[in-house]
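# Chain and residue survey
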Amino acid sequence: MNARVPLTVAAALFAFAARCPAPPPLVTGDVPVADPGTFELYAGFRYQDTGRIERQVPHVELVYGLTERWEVSTETNYLSRTGRRGFDDLTLATKALLVAKTPASPMLGASYELKLANSDAARGLGSGGREHELRLRAQQTFGALTPVLNVGRVLVADVTIGGAGAPRQDAWRASFAQEWQLVPATKLLGEIHWRTADEPGETHRLGWNAGLKRRLPAGLSAHAAVGGSLRPGDRGGPALRVYTGLKWEFAAPWRP
């Protein structure tokens, strides 16, 4: 196999990317990376009410395993927000497995996301500025239960909307999730997630999500989750978050 082929594919993935906090259906990101030479394709529908209705139809994410410890990914979604429609800002992402799991210690990983400012923020379809997110991840399995912990920092560059500067600030985020193996093909999911406000004077977010994953034939899985805010009056949002979709795992044609 030509050694340049995986690198060429990685470059292609990074050339056509878009934004989402983590692989669906939760906000919390897991630690394991995709198998080498394997693609993971997520496609689904995401709805969110944060005082304005936002729909991603469809949301698409493509992950590719470069090595046993390293993957790259790309996401895109067609966004409908307050009557405006178009493609959202693009995101380039990569994740690395830092420490493999042992019976006495958890898996540890780290990820980096670069959100571009390619969408039309003046029409409400983008944020108007680049964002860099660094995230540390930990995960361990205890029988049927797998807890996952994320801690991250979002760095925001200068934001420009309609030719004028807009107030934005760096943010911290953290989340704790669990997966419970209900039966061999089905997992129940739950999480609590927190994020500081990225606009001065706004309320920090504290929310929850619950859902499931169901493994299907032919490398397919069905994912779904619903959630909302844990703060009185849904302060910080979201009042409602819904995701439903499919995941398809398949080998790259050049995989030995």
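The present account deals with the structure reproduced in this document.

## As for the environment of Gly-227
- You can see Gly-227 is positioned in strand 14 (residues 220–229).
- A relative accessible area of 2% means that Gly-227 is categorised as buried.
- C-alpha of Gly-227 to C-alpha of Ile-192: the two residues are 35 residues apart in sequence and 9.5 Å apart in space.
- With residues up to four places along the chain from it excluded, the contact list for Gly-227 reads Trp-208, Asn-209, Ala-239, Leu-240 and Arg-241.

## Some thoughts on a nonpolar patch on the surface
- Judged by side-chain polarity, Trp-172, Ile-192, Trp-194, Leu-206, Trp-208, Val-226, Leu-230 and Leu-240 come together as a nonpolar surface patch covering roughly 680 Å² of accessible area.
- Secondary-structure elements contributing two or more residues to the nonpolar patch are strand 12 (186–195) and strand 13 (205–215).
- Given the relative accessible area of 46%, Ile-192 is considered partly exposed.

## Some points on the pairing of strand 5 (residues 91–99)
- In the sheet, strand 3 (residues 70–81) pairs with strand 5 via six bridges, with the strands oriented antiparallel. Paired with Val-72 across the strands is Thr-94, a residue of strand 5.

## Structural notes on the pairing of strand 12
- Of the pairings in the sheet, the one linking strand 11 (residues 171–183) to strand 12 comprises ten bridges and is antiparallel in character. Bridged to Ala-177 within strand 12 is Glu-191.
- Linking strand 11 back to strand 12 in an antiparallel pair, the connection comprises two residues.
- As judged from the ten bridges shared by strand 12 and strand 13, these two strands associate in the antiparallel manner. Each bridged residue has a counterpart across the sheet, and for Trp-194 the counterpart in strand 13 is Leu-206.

## So, unusual backbone geometry
- A cis geometry characterises the amide bond from Val-57 onward to Pro-58, with omega recorded as 0°.
- Looking at the element boundaries, Pro-58 is found in strand 2 (residues 53–67).
- For the peptide bond that leads from Gly-237 to Pro-238, omega is -5°, which places it in the cis range.
- Looking at the secondary structure, you find Pro-238 in the loop between strand 14 and strand 15 (240–251).
- One non-glycine residue, Ala-218, adopts positive backbone phi at about 60°.
- Tracing the backbone shows Ala-218 in the loop between strand 13 and strand 14.
- The exposure class assigned to Ala-218 is exposed, which follows from its relative accessible area of 66%.

## Quick notes on the pattern of salt bridges
- Here the structure, examined in full by the defined rule, presents eleven salt bridges.
- Between Lys-247 and Glu-40 there is a salt bridge; the shortest N-O distance is 3.9 Å. Highlighted residues: Lys-247 in strand 15 and Glu-40 in strand 1 (residues 38–49), separated in sequence by 207 residues.
- Judged by relative accessible area, which is 13%, Lys-247 ranks as buried.
- Glu-40 sits in the buried class, given a relative accessible area of 12%.
- Its salt-bridge partner being Lys-115, residue Asp-89 comes within 3.0 Å of it at the nearest N-O pair. In this pair, Asp-89 sits in the loop between strand 4 (84–87) and strand 5 while Lys-115 sits in strand 6 (residues 107–115), placing the two residues 26 residues apart along the sequence.
- Members of the salt-bridge network, linked through shared partners, are Asp-30, Glu-71 and Lys-95.

## Details of the packing of aromatic side chains
- Scanning all chains against the criterion turns up six aromatic pairs.
- Taken together, a centroid distance of 5.3 Å and an interplanar angle of 20° make the contact between Phe-39 and Phe-250 stacked. On the criterion of sequence distance, the pair formed by Phe-39 in strand 1 and Phe-250 in strand 15 is long-range, its members being 211 residues apart.
- A relative accessible area of 24% means that Phe-250 is categorised as partly exposed.
- Between Tyr-78 and Phe-87, the ring centres sit 5.3 Å apart and the planes meet at 85°, which makes this aromatic pair edge-to-face.
- Residue classification places Tyr-78 among the partly exposed residues on the basis of a relative accessible area of 33%.
- The class for Phe-87 is exposed, based on a relative accessible area of 51%.

Calculation criteria
Residues numbered from 1 in each chain as written. Predicted model: local features only at pLDDT ≥ 70, side-chain atom pairs only at ≥ 80, totals over all residues. Heavy atoms only, no water. Helix = DSSP H or I, 4+ residues; strand = E, 2+ residues; numbered from the N terminus. Buried < 20%, exposed > 50% of the residue type's maximum accessible area, 1.4 Å probe, protein only. Contact = heavy atoms within 4.5 Å. Patch = residues over 30% accessible without salt bridge, like charges linked within 9 Å, V, L, I, M, F, W, Y side chains within 5 Å. Areas by Shrake-Rupley, 256 points an atom, 1.4 Å probe, with all protein chains shown as cover. Salt bridge = Lys/Arg side-chain N within 4 Å of Asp/Glu carboxyl O. Pairing = 2+ DSSP bridges. Phe/Tyr/Trp six-rings, centres within 6.5 Å; stacked < 30°, edge-to-face > 60°.

Read these as layout, nothing more, since geometry by itself doesn't imply function.
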